[in-house]
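Listed below are the residues making up each chain.
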Number of protein chains: 2
Amino acid sequence: MVAGEVGDPTPGEQQVLVRTLACGICGSDLHAVEHLDRMIDMQRKTAPGQPALDPSRDLIMGHEFCVEIVDYGPGTARALPVGSRACSMPVVVDRGRLQAVGYSNDFPGGYGELMLLSELTLLAVPNGLPAEIAALTEPLAVGRHAVEKARIGSDDLPLVIGCGPIGLAVIVALKQKGLGPIVAADFSAARRALAERLGADEVIDPAVLSPYQRWQDLAWPPGAERDNPLTLLFGERPRPGVIFECVGVPGVIAQICDGAMRQTRVSVVGACMQPDRFEPLVAIGKEINLQFCFGYDPLEFADTLRALAEGEIDAGAMITGRVGIAGVPQAFRDLASPETHAKIICDPSLTA
Amino acid sequence: MVAGEVGDPTPGEQQVLVRTLACGICGSDLHAVEHLDRMIDMQRKTAPGQPALDPSRDLIMGHEFCVEIVDYGPGTARALPVGSRACSMPVVVDRGRLQAVGYSNDFPGGYGELMLLSELTLLAVPNGLPAEIAALTEPLAVGRHAVEKARIGSDDLPLVIGCGPIGLAVIVALKQKGLGPIVAADFSAARRALAERLGADEVIDPAVLSPYQRWQDLAWPPGAERDNPLTLLFGERPRPGVIFECVGVPGVIAQICDGAMRQTRVSVVGACMQPDRFEPLVAIGKEINLQFCFGYDPLEFADTLRALAEGEIDAGAMITGRVGIAGVPQAFRDLASPETHAKIICDPSLTA
């Protein structure tokens, strides 16, 4: 990984040239650097029509950005003034194909100075929202989407496993919807503190207490005979359980199945890059539902930016550091330690 | 496995002594004989309060039965006359605990002459429905439950992977609900023929054609540019997909994830007894939903018996053989070959 120079991009049909104001450094990028072959394999399997990454060519990552509009390409309506600030989902339409900004050899991402986006997906940043907060729209939309995909309602009791940026985004989305109490677990004290600050009602160190046990204790009415299947048929029932898998390493899904209650719905948001093992019989016996989640839809993204701008959600505490472009490689290394950082923002105007 | 003699059971409080008229031989029993340790482990993990099987003690299996009422125990209302025919979910309440009939050392199952059931769960067999057809209530209820858990609607396009008794039961339930076209796949020609007879609209031999490919071809409008993610955003969309996993061996879930469309919902009904491997990244990229299914609820069971008795569903073709108690061990061996049998009924009044 290097911080180097590339040529300035030129906006094509219906495209916009933009300057990065702030771009969050995402765990997926760390995963991608480590497991680029698997990420390319997944792209090939799930989106065969999308131009695949070529690992031998340059790649400028960065897909959580707030930008300033620099110039418009041909065929654009120019609804937002040059110089104004905008957010966008990290995609760009190029000659009828979708390109993933930050995971494309042809379209640089937000860890560079200039990018191309589609006019179609540009959203004005309202209310003078600071650029680094607007750049949180993307990861927060991932959390919002995971909560929506869980079909979660006010009776459900949520448990968040892992309080990295994605777990924190899930907590913010749960809080926004007034759901809870929110139980969240992480081995890192710093991340547990952040989880509390962002809305977790109870944080658990799994080295000290089983988060599943505590969550089940909250779900069941006191004194219920939990281990007797007749209780479920004729007696008291627990609150329905929803677990958010926000870790993304092999074995966590199996661990969640072991810790879940019957009928628990699991939103898998952590992106485990390796093949994983689990015991289908445990999932069957409990009738577990595994909802795998990816990204967000355009309305969820836009509404997350709105919620940030209107102060309906407050996630600035996620930001634990700021670097210039030259500082990105070190930031990647720093993010490996959960005690120091959650979200580091790349601001190309900074010199270090 | 032996066909031997045990003492007659005595009905306890709110229990009923019944005589087996017909009892289907279930694939779970074949699985259980082969993987008894894993089944006990699953019981321990998912229903810790239920009395666990002791593999060193006698066990009379059989949980798909139609019975004749012989005698009532204390505290019973005796709503159904002695001599009348009944079905029941294979459970019995004994001193406040639930016992699994057919998987309990203390409560014999339907591969014997006499059983104990709870009066609470007895359902009269209506309309002179033959006992062997009434005995299909249990496996058909499993299929019905899998369809209900899939939250399937009229726009969904179903694909049934595996046409053993559970796959056939899913097909019957889909047909009952008017859903389809139903695409079903099995390597066995005999099972494909049965699948067609029970309602599959198209059957596929996976050795000849990919069932996933054919199902996707049916789901997409002709000429749609399927591989372009922009098609999903702005163009034509496929019918939503629902896949029923009715095989239950390692690797099938991974294969289904590879073959599924984006947003496919998968009902896992096949009970894979071994640990399994899959690629989370593929499931994430497609946002697959895995709903693990087990059994049925009391209303689904009762309504399946009603539908059979009213001729709303016709599943008699599933029955491919009949044996007496002495013939059960040979039937277990015969069921290993999918070309010969689907469902063998044990009728204790038969002598071979």
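Everything below is about the structure printed above this text.
Note that this is a predicted model, so its numbers are computed, not measured.

A. How the structure looks around the overall build of chain A. Counting its regular elements, chain A contains twelve helices and 16 strands. A compact globule built from 352 residues should have a C-alpha radius of gyration of about 20 Å, and chain A, at 21 Å, falls within 12% of that. Seen along its three principal axes, the alpha-carbon backbone of chain A occupies a region of about 70 × 40 × 35 Å. Classification of the 352 residues of chain A by burial places 57% in the buried group. Restricting to contacts in chain A with at least 6 residues of sequence separation, those with at least 24 account for 72%. Placing the 29 positive and 44 negative side-chain charges of chain A at their respective mean positions leaves the two points 4 Å apart.

B. The arrangement of the pairing of strand β5 (residues 97-100) of chain A in detail. Residue and element names in this part refer to chain A. Pairing of strand β4 (residues 91-94) with β5 involves four bridges; the strand directions are antiparallel. Following the sheet pairing, V91 is matched in β5 by A100. What sits between the antiparallel neighbours β4 and β5 is a turn of two residues, in which R95 has the positive phi angle 45 degrees.

C. Quick look at helix α7 (residues 211-219) of chain A. The complete set of buried residues in α7(A) reads A:P211, A:Y212, A:W215, A:Q216 and A:A219. In an axial view of α7(A), the angular spread of the buried residues amounts to 130 degrees, which keeps them on one side of the axis.

D. Spatial organisation of the interface of chain A and chain B. Contacts between the two partners involve 55 residues from chain A, matched on the other side by 55 residues from chain B. Summed over both partners, the interface of chain A with chain B comes to about 4900 Å²; 62% of that surface belongs to carbon and sulfur atoms. A per-residue breakdown of the area chain A buries against chain B is headed by A:L281, A:I284 and A:F292, which together make up 15% of the total. Remark: the boundary between chain A and chain B carries six salt bridges. The residue B:R38 makes a salt bridge to A:E279 at a minimum N-O spacing of 3.9 Å. Where chain A meets chain B, there are 18 residue pairs in polar contact (both at pLDDT 80 or more). Put simply, the parts of the chain that give the side of chain A that touches chain B at least two residues each are α2 (36-46), β5, α4 (137-149), α8 (229-234), α9 (252-259), β13 (276-278), α10 (280-286) and β14 (289-292) of chain A. Here the element with the most residues in the side of chain A that touches chain B is α10(A); it accounts for seven residues. Tallied by class, residues from the side of chain A that touches chain B come to 28 nonpolar, twelve polar and 15 charged. In terms of strand pairing, β13(A) meets strand β13 (residues 276-278) of chain B through three bridges, oriented antiparallel. Bridging from a neighbouring strand, A:D276 pairs with B:F278 of β13(B).

E. Layout of the packing of helix α4 (residues 137-149) of chain B against helix α11 (residues 298-309) of chain B. Residue and element names in this part refer to chain B. The geometry of α4 relative to α11 is characterised by a closest axis approach of 9 Å and an angle of 115 degrees between their N-to-C directions. Handedness of the α4/α11 crossing: right-handed. Taken together, the residues of α11 that come into contact with α4 (itself represented by T137, E138, L140, A141, R144, H145 and E148) are E300, F301, D303, T304, L305 and L308. A per-class count over the contact of α4 with α11 returns five nonpolar, three polar and five charged.

F. How the structure looks around the sheet that holds strand β11 (residues 241-245) of chain B. The strand order across the open sheet built from twelve strands is β10(A)-β9(A)-β8(A)-β11(A)-β12(A)-β14(A)-β14(B)-β12(B)-β11(B)-β8(B)-β9(B)-β10(B), with neighbouring strands paired in mixed fashion. This sheet does not close on itself; its edge strands, each paired only once, are β10 (202-204) of chain A together with β10 (202-204) of chain B. The average angle at which neighbouring strand axes cross in this sheet is 20 degrees, direction not considered. Pairing of strand β9 (residues 183-185) of chain B with β10(B), which is carried by three bridges, proceeds in the parallel orientation. Bridging from a neighbouring strand, B:A184 pairs with B:V203 of β10(B).

Parameters and conventions
- Residues numbered from 1 in each chain as written.
- Chains lettered and ligands numbered in written order.
- Predicted model: local features only at pLDDT ≥ 70, side-chain atom pairs only at ≥ 80, totals over all residues.
- Heavy atoms only, no water.
- Helix = DSSP H or I, 4+ residues; strand = E, 2+ residues; numbered from the N terminus.
- Rg over C-alpha atoms; globule rule 2.2 N^0.38 Å.
- Buried < 20%, exposed > 50% of the residue type's maximum accessible area, 1.4 Å probe, protein only.
- Contact = heavy atoms within 4.5 Å.
- Lys, Arg positive; Asp, Glu negative; His and termini not counted.
- Charge placed at Lys NZ, Arg CZ, Asp CG, Glu CD.
- Pairing = 2+ DSSP bridges.
- Arc of directions from axis to C-beta.
- Buried area = accessible area lost by both parts, 1.4 Å probe.
- Salt bridge = Lys/Arg side-chain N within 4 Å of Asp/Glu carboxyl O.
- Polar contact = N/O pair within 3.5 Å; in protein donor to acceptor, adjacent residues only side chain to side chain.
- Nonpolar A, V, L, I, M, F, W, Y, C, P; charged D, E, K, R; others polar.
- Axes fitted to C-alpha atoms, helices over the stretch in contact; angles between N-to-C directions.
- Left-handed = near helix turned anticlockwise from the far one by under 90°.

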